[in-house]
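Reading the structure
Okay, here's what each chain looks like letter by letter:
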Amino acid sequence: MRDFSYLRASSVEEARRAAAMPATMLLAGGTTLVDLAKCGVTEPERVVDISHLKGLDTIRVDAQGAYIGALAKMNRVAADAAIKSAFPAVSESLWQAASAQIRNMATIGGNLLQRTRCAYFRDPATFPACNKRVPGSGCSALEGVNRGHAVLGTSDDCIATYPGDLAVALIALEAVVHLGDRTVAIDDFFLLPGTTPQKEHAMQPGELITAITIPASPAARRSTYLKVRDRQSYEFAAASAAVGIEFEPDGETIRDIRIGLGGVATKPWRARAVEDALRGKAIEPDIIKSASRLAVEGAVAHGGNHYKIELAPRVVERAILKTGAMA
Amino acid sequence: MTIVDTKIKHGDASDGILGGRLSRIDGPAKITGSADYAMEHFPEGMVHAVIIDSTIASGRVLAIDAAAAEAYPGVLLVLTPDNAIAIKTATDWTGAPPPAVPFEPFAREITFNGQHIAAVIAETFEQATAAAALVKVTYDKTVPISTFDDPRAGEGYPIDMMTKEWGDAEAALATSPVRIKQEYRTPREYNVPIEPHGLIAQWTGDMLTLWEPSQWIDGMSRTYAEWFDIPFENVRMLSPYIGGGFGSKALPTRYGAVAAIAAKMLDRPVKLAITRPQTFTAFGGRPATRQTIALGATREGKLLSILHRGDNETSMNDVAVEPLGSVISIMYATPNFSSRQNLVPVNTVKPGALRAPGENPSAFGIECAIDELAYEVGIDPLDIRLLNYAEEDPSANKPWSTRRLREAYAAGADAFGWAKRNPRPRSMRDGKQLIGYGVAAGTYPVRRTPGEAMVRILSNGTIEVASSGIDMGQGTYTILAQTAAEAIGVPVETVMVKLGDSSLPRAPVAGGSQLANLMTGAVHKAALAARDELIGIAINHPNSPFRDLQANTLTIEAGRISSPRDTGAGIGIAEVMRRTGRDRIEALRNTLPEEHQNAKDHFRNFTTIATMKSPTEGDYSLHSWCVHFVEVRVDVDFGTVRVARMVSALDSGRLYNPKLAESQWKGGIIMGIGQALLEEGLVDDRYGRVMNNNLGDYLVPTNADIPDLKVISVGIPDTHASVLGGKAVGELAIVGVAPAIANAVYHATGVRVRNLPITLEKLI
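Calculation criteria
Numbering of residues starts from 1 in every chain and runs along the sequence as written. The order in which chains are written sets their letters, starting at A; the order in which ligands are written sets their numbers, starting at 1. Thresholds applied to this predicted model are a pLDDT of at least 70 for local features of residues and 80 or more for the giving and counting of side-chain atom pairs; totals over whole chains, interfaces and linings are not thresholded and use all residues. Starting at the N terminus, helices and strands are each numbered in turn, a helix being any DSSP run of H or I of at least four residues and a strand any DSSP run of E of at least two. C-alpha atoms define the radius of gyration in this analysis, and the globule rule sets the expected value at 2.2 Å times the number of residues to the power 0.38. Three exposure classes are used. Buried residues have 20 or more other C-beta atoms within 10 Å of their own C-beta, exposed residues have 12 or fewer, and partly exposed residues fall in between, all C-beta atoms being placed from the backbone. Here contacts are defined at the residue level, using C-beta atoms placed from the backbone and a cut-off of 7 Å between them. Note on pairing: DSSP must find at least two bridges between two strands before they are called paired. To get an axis, fit a line to the C-alpha atoms, keeping to the stretch in contact for a helix; angles then go from 0 to 180 degrees between the N-to-C directions. The classification used treats Ala, Val, Leu, Ile, Met, Phe, Trp, Tyr, Cys and Pro as nonpolar, Asp, Glu, Lys and Arg as charged, and all other residues, Gly among them, as polar. Boundaries of every domain are those given by an automatic assignment or by a domain database. An angle below 35 degrees is treated as roughly parallel, one above 145 as roughly antiparallel, one from 65 to 115 as roughly perpendicular, and anything else as oblique. When the near helix sits turned anticlockwise from the far one by under a right angle, the crossing is termed left-handed; a clockwise turn instead gives a right-handed crossing. Take the buried Ala, Val, Leu, Ile, Met, Phe, Trp, Tyr and Cys residues, join any whose C-beta atoms are within 7 Å, and the set you get is a nonpolar core. Here the expected span of a helix is defined as 1.5 Å times the quantity of residues minus one. Per-residue confidence from the predictor is given as pLDDT, running between 0 and 100.

Along chain B, the regular secondary structure elements total 15 helices and 32 strands. Here chain B has a C-alpha radius of gyration of 27 Å; the compact-globule value for 764 residues is 27 Å, and the two agree. Its C-alpha atoms put chain B at 80 × 70 × 50 Å along the principal axes. Residues counted as buried form 58% of the 764 residues belonging to chain B.

Put into structure tokens, the structure is as follows:
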């Protein structure tokens, strides 16, 4: 970790001005920044502390939807009764993320921006080559230890998995990211690696996340998050799915369905092909099973992660059935 | 001879103070944070060292450019092979005399990724860390042989002393009506204790003080003394508490030499803390193993032959044996047996000891194989174990001292409800969860080294026990207080135990699950000697109220001395000490045999493992035994395995403190669950590097992964095994957990996973 200057911002405006300077990072909960600084991935010259800024940790739920301030802590959002009731997938995704200690510290804005667990990305001293860190330098993961790497949304330059849980639920529920004076749909906020894996999101220098909003909907109210992982707690997803369903009045025909996928893609992944295949269909096991296979259309494995192509549709299928069975 | 006879022990709470379920007496200090661990000391002027490791696995260091680091603020020294002061090679832990060549803690020839090549010492840890990143190393790289699966690794070389054979295993196998043959594999596994490794080294003239977590104060002190060519007494090592070792804190390390060299060169105390990634390469964990096991049997399942071939990885220049024949050679009776083992050198750090080295993978092989044989011949996995029960040690041809494995099978099966098991694989189910029951046995030998202890009776009637033996959480402080309290006859609260300091009486390595037995033996002996002296004074001193009594009629209970004629509450020890003018009674005793009561043998006993007795030395074969019954739930779609419940029945002989022994057992079982389902060092073959070298990626169980664990003690006191009747505890319970889970997974799914860990992709 190299020396850096520390600025305690007194307002969002000041934070934005400071953040526009080169080699500057914002500090909120610090759970990602400190971690990445310790392993040498992030070496900011300036750290701008926004953790104390007033008015950025609001959680508000009304008939239109949820407003969650960027500095709201993961645990507070997860435990919020109105969130649990109107957006259960959001609460569940947070409860199943990280550890209690991290959830107490980490903020919602920072959670969205957490970076991949790719071991090659995280060890610059040993692996100088990483297109995400040093554009054009190469990718060590393509033929390396890649059991946890992505099978969807990959490119020849990067197969690093987006590690988060919350964003998977937010993708399914069509949340909107607020960047002060503009907003970005969450599916547009996260970028595919393509030939520019160093660019992970649509923020410009000097922008910061101020809030996310989630529109209320019947599908959001009947939603769930299913996470499959190697151990029961404190572990990233092998594959996960956030599913929200709205039924026709008959209670079995799917009017609306939203599916987000986690642990298998380079960004929080919307499984639109599965949604399209199921809209207007009855929620029957065989239909669900075959539609769920569409979740991994175009998936590419690189050896150690081949199992994800088999696992992901099974997780989607189970999550749909579970959501359908919700009271 | 002692004045009072030792009471007969039953191995349960009825034994009194020793044998009681006392909580750890060091617990409150640890919970409140007042227990200072070795590296939580801050000697004046302390500076910080950070080690630089190789980022290639094979080749040569061409140059180290330290200019930028040396210019960095706060940097005091960039230590490299070229400027480090020369030190000597030390005697190794077996006592083999060292070659007369210098010992170089830094490598010039690189044989594994993560090898120490230089260090930066600076005023602060942050400065040292930042400067270390500025050191530029250029290499001449060669292609590494990263694992024993690389064809270039070859077959390795045989370790003849591991060969065990009787009968004609090959011939008997060829004519056996039933034959099975499979390969079983365990990956590289790592100790990863929560307390990081490291040390603080401080020189005062030619006296070296080391605050370093250590499972073996005296062995490590000897090494430091020999490295720097100073008398053994000049090394003071302090290790009052240890935050987990599991075998990884028993031997001196290269970074230890680096810190002591830097401290000497700078004449400042140097703190060197190993980073979490370095805990995967600064010392070794369990090497990867593979075993081919062929079993020949009758159609009824009676074993006719066991043919076993095992390999473990070792480093390029070291012999590190993970004894794979240790359990397979004694668990079952067979008329024909052959076990051989090869070591395969690869570009890895020298493997080290990790909880039950040898027994653990050995049991994984045979306990899975016997399960496979049970299905092959169509009998219950528990019945096949009873059918082939070894009534005596089939390898050493000696009777067991005690082997309560049959009792363990019965008690465990009953408590678990084994009889409710549907024998057919994939036959039990709860919704999407496939249910499987599995069983496997385990064993760990009783190793014996003489111990030493000082017991003092102080003028205020309290007792002091002192030893350089250590407590890494297993309960040494507590059981030694219990031992002394019972032997003398005082309340346990009045006993103060001092451990983990090389200035105290000697102790051998806290490894091989031997420490509790040898230290209770030594403390018992010293405490009885102190008691004898106290009673002698009470009888003989002119000022003693008991001066007219016969020696053997005095008793001491609850800290009060009384005679049979005395109908009152007796007289407190402090009062007797006061009246007789004694300020202390001191007894230093060891349990070395008479012929080794000399300075040279004494030193050798405590600073090498040369005098450690094998489990079969003597008339009996001495082992602890256990069996684990497991219920797993495997998600039919996801392949995720969860342990739903476990019952383990264990024979560790007499338990000095059942609460602490159970805690040790449960710790081993939890570690076994991690081994079965999670733990695996993932090696990138191209670079010979362990990629998941941190606790975010090298998975160990969380609380959520562990169900309620039921442990049942079926042991009885075994005085062939130890003076007070205990057998091995600490390393026993991990043995057999992984095969029990693998067998349960097979029962649940019909899929036999023979390579650990059992991760979901192996089941979908």
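Having seen it, we continue.
Right, let's get into the overall build of chain A. Each helix and strand counted, chain A has 13 helices and twelve strands in total. Expected size for 327 residues packed as a compact globule is a radius of gyration near 20 Å; at 19 Å, chain A falls within 12% of this value. Taken along its principal axes, the extent of the C-alpha atoms in chain A is 60 × 45 × 35 Å. Relative to its full complement of 327 residues, chain A shows a buried share of 54%. Put simply, 65% of the contacts in chain A that link residues at least 6 apart link residues at least 24 apart.

Residue and element names in this part refer to chain A. Where strand β5 (residues 65-69) meets strand β8 (residues 211-215), five bridges bridge the pair, whose relative direction is antiparallel. Counted as the bridge partner of G65 is P215 from β8. Summarising the sheet, strand β6 (residues 176-178) and β8 pair through three bridges and their orientation is antiparallel. If you follow V177 over to β8, its bridge partner there is I212.

All names here are of chain A. Judged by pairing direction, the sheet is parallel, and its three strands sit side by side in the order β1-β3-β2 without closing on themselves. Strands with a single pairing partner mark the edges of an open sheet, and in this sheet they are β1 (5-8) and β2 (24-27). With strand direction ignored, the average angle separating the axes of adjacent strands in the sheet is 25°. Where β2 meets strand β3 (residues 46-49), four bridges bridge the pair, whose relative direction is parallel.

Glancing now at the interface of chain B and chain A. It is common to report an interface's size as the accessible area lost on association of the parts. If you look at the interface, chain B gives 27 residues, while chain A gives 23 residues. Here the element with the most residues in the side of chain B that touches chain A is helix α3 (residues 125-132) of chain B; it accounts for three residues. The residue makeup of the side of chain B that touches chain A, split by class, is eleven nonpolar, seven polar and nine charged.

All names here are of chain B. For chain B, the domain assignment lists domain 1 (13-28 + 449-607), domain 2 (47-143 + 193-275) and domain 3 (289-447 + 616-762). When each unit is reduced to the centre of its C-alpha atoms, the spacing between domain 1 and domain 2 is 39 Å. Taken together, the residues that form the side of domain 1 that touches domain 2 break down as seven nonpolar, seven polar and five charged.

Here we take up the domain arrangement of chain A. Residues and elements named next belong to chain A. By domain assignment, chain A separates into domain 1 (5-49) and domain 2 (59-113 + 162-324). Inter-centroid distance (C-alpha atoms) of domain 1 to domain 2 is 27 Å. Listed as interface residues are eleven residues of domain 1 and, on the opposing side, 13 residues of domain 2. For the side of domain 1 that touches domain 2, the leading source of residues is helix α1 (residues 12-19), giving four residues. By residue class, the composition of the side of domain 1 that touches domain 2 is six nonpolar, four polar and one charged.

Residues and elements named next belong to chain A. Summarising the element assignment, K73 is placed in the loop between β5 and α3 (74-79). Between the C-alpha atoms of K73 and A175, which are 102 residues apart in sequence, the distance is 18 Å. What K73 contacts, discounting residues up to four positions off in sequence, is N104, A106 and T107.

Attention shifts here to the packing of helix α14 (residues 658-677) of chain B against helix α15 (residues 737-749) of chain B. Residues and elements named next belong to chain B. At their nearest, the axes of α14 and α15 sit 8 Å apart, and the two run at 50° to each other. In this view, α14 runs oblique relative to α15, as classed from their interaxial angle. Between α14 and α15 lies a crossing of right-handed hand. Within the contact between the two elements, α14 uses I669, G672, I673, Q675, A676 and L677 and α15 uses V737, A738, I741 and A742. Residues that form the contact of α14 with α15 fall into these classes: eight nonpolar, two polar and no charged.

All names here are of chain B. Running from amino to carboxyl end, helix α7 (residues 359-377) crosses α15 at an angle of 30°, the nearest separation of the two axes being 8 Å. Classified by the interaxial angle, the pair formed by α7 and α15 is roughly parallel. Here the hand of the crossing between α7 and α15 comes out right-handed. On α15, the residues touching A363, F364, E367, C368 and D371 of α7 are A738, P739, A742 and N743. Each residue belonging to the contact of α7 with α15 can be placed in one class, and the counts come to six nonpolar, one polar and two charged.

Okay, helix α13 (residues 599-607) of chain B next. When we look at burial in α13 of chain B, the residues that qualify are N605, F606 and T607 of chain B. On its buried face, α13 of chain B sits against α5 (217-227) of chain B.

With that out of the way, let us pick up the sheet that holds strand β7 (residues 116-122) of chain B. Residues and elements named next belong to chain B. Strand order across the open sheet formed by seven strands is β3-β7-β1-β15-β12-β13-β14, with mixed pairing between neighbours. A single partner strand is all that each edge strand has here, and the edge strands are β3 (75-79) and β14 (235-238). Shown here is a sheet whose adjacent strand axes are inclined to one another by a mean of 20°, direction ignored. Across six bridges, the pairing between strand β1 (residues 47-53) and β7 is antiparallel. By the bridge assignment for β7, V50 is matched with V120. α5 contacts β13 (207-211) and β14 of the sheet and is inclined by roughly 140° relative to β14. Contacting β1, β3, β7, β12 (198-204), β13 and β15 (270-273), helix α6 (residues 254-266) runs over the sheet at an angle of about 30° to β12.

A few words now on unusual backbone geometry. Here L756 of chain B and P757 of chain B are connected by a cis peptide whose omega angle stands at -10°. Here P757 of chain B is to be found in the segment after α15. Although it is not a glycine, E174 of chain A adopts a positive phi angle of roughly 55°. One can find E174 of chain A in the loop between α8 (166-172) and β6.

All names here are of chain B. Counting residues in hydrophobic clusters, the biggest one holds 329 residues, and the most contacted among them are V120, I121, A484 and I741. At 14 residues, helix α11 (residues 515-540) tops the list of elements feeding residues into this core. The residues touching I121, leaving out its near neighbours within four places in the chain, are V47, H48, A49, L76, L77, L79, A128, A262, L266 and V270. In this structure, I145, F148, A288 and L343 belong to the second largest nonpolar core, which totals six residues.

All names here are of chain A. Along the chain, K199 falls in the loop between α9 (186-189) and β8. By the C-beta count within 10 Å, which is 14 here, K199 ends up partly exposed. Expressed as a C-alpha distance, the spacing of K199 and K84, which sit 115 residues apart in the sequence, is 33 Å.

Once that is clear, we can look at α11 of chain B. The end-to-end C-alpha distance of α11 of chain B is 37 Å, a good match for the 38 Å that 26 residues give at a rise of 1.5 Å each. Along α11 of chain B, 20 of the 26 residues are buried, which leaves the element largely enclosed by surrounding structure.

Residue and element names in this part refer to chain B. In terms of burial, strand β17 (residues 303-315) is a largely internal element, twelve of the 13 residues being buried. Alignment of strand β16 (residues 289-297) against β17, held across nine bridges, turns out to be antiparallel. Across the sheet, T292 pairs through a bridge with R309, a residue of β17. Here β16 folds back onto β17, and the loop between the two strands holds five residues, one of which, G301, carries a positive phi near 100°. Here ten bridges tie β17 to strand β18 (residues 337-346), and the two strands are oriented parallel to one another. Along β18, the bridge assignment pairs G310 with Q341.

All right, on to the confidence of the model for chain B then. Regions with low pLDDT carry predicted coordinates that are not meant to be interpreted in detail. All names here are of chain B. Mean pLDDT over chain B stands at 96; residues scoring 70 or higher make up 98%. For the stretch residues 1-6, pLDDT sits under 50, and the model shows six contacts to residues farther than four places along the chain or on other chains. This complex was scored by the predictor with a pTM of 0.97 and an ipTM of 0.97.

Moving on, we get to the environment of G730 of chain B. Residues and elements named next belong to chain B. Relative to the assigned elements, G730 resides in the loop between β32 (709-713) and α15. Spatially, the C-alpha atom of G730 lies 12 Å from that of R447, the residues being 283 residues apart in sequence. Discounting residues that sit within four places of it in the chain, G730 has contacts with Q474, S513 and Q664.

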